[in-house]
Amino acid sequence: MIRKVALYSFPLGIVIYYFIPILFRYNVDSNLVTYLILLIVTYFIGCKFPLAYNVELKPKLFSKKSIKKITFTLAVVCMIIFIINNGIQNIFGGNFREYIYVINNQWENVGWYRKINQYIGMLSLFFVTFCGWQDGLNKKITLVSVLWVMLNVIPRLLISSRLFFLGIIIYLIAFITSSNIKFKFLSFKSILFLCISFLAFYWGIGKRFDMNEVGLTEIVLKPLDGLNNLDFVFRLKNTNYFDFEYFLYHWTPIPSSFFDIPETNLTYLKYDINEGSSEPMPLIASAFYLQGWYSLIYSFILGSLVSGISTVWKQNKSFFNFCILLAILYMTLVYHNHSGWRAVSRFFIILMWLKIFLFYNSKLAVRYKLNKSFT
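Since the structure is predicted, the reported quantities are computational estimates derived from the model, not experimental observations. (Residues numbered from 1 in each chain as written. Predicted model: local features only at pLDDT ≥ 70, side-chain atom pairs only at ≥ 80, totals over all residues. Heavy atoms only, no water.)

Draft legend 1. The arrangement of the overall build of the protein chain in detail. What the protein chain contains, in helices and strands, is 18 helices and two strands. Per-residue burial over the protein chain gives 46% buried out of 375 residues. Taking the intrachain contacts of the protein chain between residues at least 6 apart in sequence as the baseline, contacts between residues at least 24 apart amount to 78%. In the form shown here, the protein chain has an accessible surface area of approximately 20400 Å², with 66% of it arising from carbon and sulfur atoms. (Helix = DSSP H or I, 4+ residues; strand = E, 2+ residues; numbered from the N terminus. Buried < 20%, exposed > 50% of the residue type's maximum accessible area, 1.4 Å probe, protein only. Contact = heavy atoms within 4.5 Å. Areas by Shrake-Rupley, 256 points an atom, 1.4 Å probe, with all protein chains shown as cover.)

Structure, rendered in structure tokens:
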């Protein structure tokens, strides 16, 4: 199931965020529609050339003992960071969102607290995934897993993020996938979970927005409309030629400080100022802004990589491959309309480069037989 969802997630994201809103608009640039169609076409062409790497980390490098050591270290780091930044006081004082976005100015390049907080958030998602995977194998929910899920969910809830329950969803997906349990959407437990999630979502949104002025429907549907922001970037495109530096910027984990890249923040591009809350930059918009029509190369490569890991997953349902599938969903569906290409694809690209590195390193990895036929 997850393999098919991941395989079709990119074109599905384009349909959800762009083609559906197009149905309610009459003045859409025909070139923009053509671009969206070509993105889907080149993606499926790329799927016909799957790039699959049949490698896995050696078991001793990914043991439970090493994971526990890393977990303990991260827990200590989290506590130190919160304490020295008065984070505990701000969390329980109900000012966490203001503390994150205002006091620790999100526009400052040297805002080390925000940077570290982002890395901790990414690592907590990884451990939520790992806990769900291990619990699924053992078919038992552990206390450690509950604590990691809470560590991921509570800070998101306190800053009134609409995706505060993402950690719970990822844990459940990992648990269901590794346990081979057939999930029934109409079961009592699933319906109860959806009801509780909706109530928690409504409560969290009520803390962030004035529900008397902004309706719940608008709050839920507005983030799904990526067409306006994509249309703005499409008309503003910075270049019409292929730039190899921009390509490396988007497709490698090299730190962005090594590149000389034009400003790609949507708030700055629209208003020429850096203040307040940043408007979301759609995934494909940042790629188009830097590469123009040559960004279609990206969708071809993405199709090749996704179809490759899809082929690998059919024969080796390992945690490593599951993480890549999950990173694909995170990139192409969950945050398709929220952040630019580099920001959303970073974890996926790091994992793919790690696969490539391991493919040529027999000391750290093992290979397994792979039938490269793609269906």
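Picking up after the structure, the text goes on.
Draft legend 2. Just helix α18 (residues 341-359), in detail. Between the first and last C-alpha of α18 there are 26 Å, a value that for 19 residues agrees with the 27 Å anticipated at 1.5 Å per step. Taken together, the buried positions of α18 are Trp341, Arg342, Val344, Ser345, Phe348, Ile349, Leu351, Met352, Lys355, Leu358 and Phe359. Looking at the buried positions of α18, the neighbouring elements they touch are β1 (55-57), α13 (244-251), α15 (283-291), α16 (296-315), α17 (319-334) and β2 (365-367). (Expected span 1.5 Å × (residues − 1).)

Draft legend 3. Spatial organisation of the packing of α13 against α18. Close contact between α13 and α18 brings their axes to 8 Å; oriented N to C, the two are set at 75°. By the angle between their directions, the pair α13 and α18 is classed as roughly perpendicular. Note on element contacts: α18 touches α13 through Trp341, Arg342, Ser345, Ile349 and Trp353, opposite Tyr249, His250 and Trp251. Residues that form the contact of α13 with α18 fall into these classes: five nonpolar, two polar and one charged. (Axes fitted to C-alpha atoms, helices over the stretch in contact; angles between N-to-C directions. Parallel < 35°, antiparallel > 145°, perpendicular 65-115°, else oblique. Nonpolar A, V, L, I, M, F, W, Y, C, P; charged D, E, K, R; others polar.)

Draft legend 4. Summary view of the environment of alanine 285. Tracing the backbone through its elements, the reader meets alanine 285 in helix α15. Placed 58 residues apart in sequence, alanine 285 and leucine 227 show a C-alpha to C-alpha distance of 9.9 Å. Discounting residues that sit within four places of it in the chain, alanine 285 has contacts with Leu230 and Val233.

Draft legend 5. Seen up close, unusual backbone geometry. Backbone geometry at lysine 139 places phi at a positive 55°, although glycine is not the residue there. Relative to the helices and strands, lysine 139 resides in the loop between α7 (112-138) and α8 (143-158).

Draft legend 6. Spatial organisation of the environment of isoleucine 284. Tracing the backbone shows isoleucine 284 in helix α15. Note: C-alpha distance between isoleucine 284 and leucine 230 (54 residues apart in sequence) is 7.9 Å. Each residue touching isoleucine 284, except ones within four places of it in the same chain, is listed here: Phe10, Tyr18, Tyr35, Leu36, Leu39, Leu230, His336 and Trp341.

Draft legend 7. Just the packing of aromatic side chains, in detail. Within the structure shown, the criterion is met by 30 aromatic pairs. Grouped by ring-pair contacts, the aromatic residues Phe126, Phe127, Phe130, Trp133, Trp313, Phe319 and Phe322 constitute a single cluster. Across the ring face of phenylalanine 234, the terminal group of lysine 237 is positioned such that the distance to the ring centre comes to 6.0 Å. Taking the ring centre of phenylalanine 320 as reference, the NZ or CZ of lysine 355 above it sits at 5.1 Å. (Phe/Tyr/Trp six-rings, centres within 6.5 Å; stacked < 30°, edge-to-face > 60°. Lys NZ or Arg CZ within 6 Å of the ring centre and 35° of its normal.)

Draft legend 8. Summary view of the side chain of serine 9. Along the chain, the position of serine 9 falls in helix α2 (residues 9-22). Judged by its relative accessible area of 1%, serine 9 is buried. In this structure the side chain of serine 9 is engaged in a polar contact, spanning 2.6 Å, whose partner is the side chain of threonine 332. For serine 9, the contacting residues outside a window of four places in its chain are Ile328, Leu329, Thr332 and Leu333. (Polar contact = N/O pair within 3.5 Å; in protein donor to acceptor, adjacent residues only side chain to side chain.)

Draft legend 9. Representation of the packing of α17 against α18. The geometry of α17 relative to α18 is characterised by a closest axis approach of 9 Å and an angle of 160° between their N-to-C directions. In this view, α17 runs roughly antiparallel relative to α18, as classed from their interaxial angle. Between α17 and α18 lies a crossing of left-handed hand. Facing Phe320, Asn321, Cys323, Ile324, Ala327, Ile328, Tyr330 and Met331 of α17, the residues of α18 in contact are Trp341, Val344, Ser345, Phe347, Phe348, Leu351, Met352, Leu354, Lys355 and Leu358. Each residue belonging to the contact of α17 with α18 can be placed in one class, and the counts come to 15 nonpolar, two polar and one charged. (Left-handed = near helix turned anticlockwise from the far one by under 90°.)

Draft legend 10. Examining the nonpolar core more closely. By size, the foremost hydrophobic cluster in this structure holds 86 residues, and its most contacted members are Leu36, Ile284, Leu302, Trp341 and Phe348. For this core, the element with the highest residue contribution is α17, accounting for twelve residues. (Core = buried A, V, L, I, M, F, W, Y, C linked by side-chain atoms within 4.5 Å.)

Draft legend 11. Representation of a nonpolar patch on the surface within the structure. Residues Ile37, Leu38, Val41, Ile45, Phe49, Trp293 and Phe300 make up a contiguous nonpolar surface patch of roughly 590 Å² in combined accessible area. A per-element tally of the nonpolar patch places helix α3 (residues 30-47) first, with four residues. Mapped onto the elements of the fold, leucine 38 is located in helix α3. A relative accessible area of 31% places leucine 38 in the partly exposed class. (Patch = residues over 30% accessible without salt bridge, like charges linked within 9 Å, V, L, I, M, F, W, Y side chains within 5 Å. Salt bridge = Lys/Arg side-chain N within 4 Å of Asp/Glu carboxyl O.)

Draft legend 12. Looking closely at the environment of phenylalanine 259. Along the chain, phenylalanine 259 turns up in the loop between α13 and α14 (266-271). By relative accessible area, phenylalanine 259 is classed as buried at 14%. Between the alpha carbons of phenylalanine 259 and tyrosine 246 there is a distance of 8.0 Å; along the sequence they are 13 residues apart. Sequence-distant contacts of phenylalanine 259, defined by excluding residues within four places in its chain, comprise Glu245, Leu248, Tyr249, Thr252 and Ile254.

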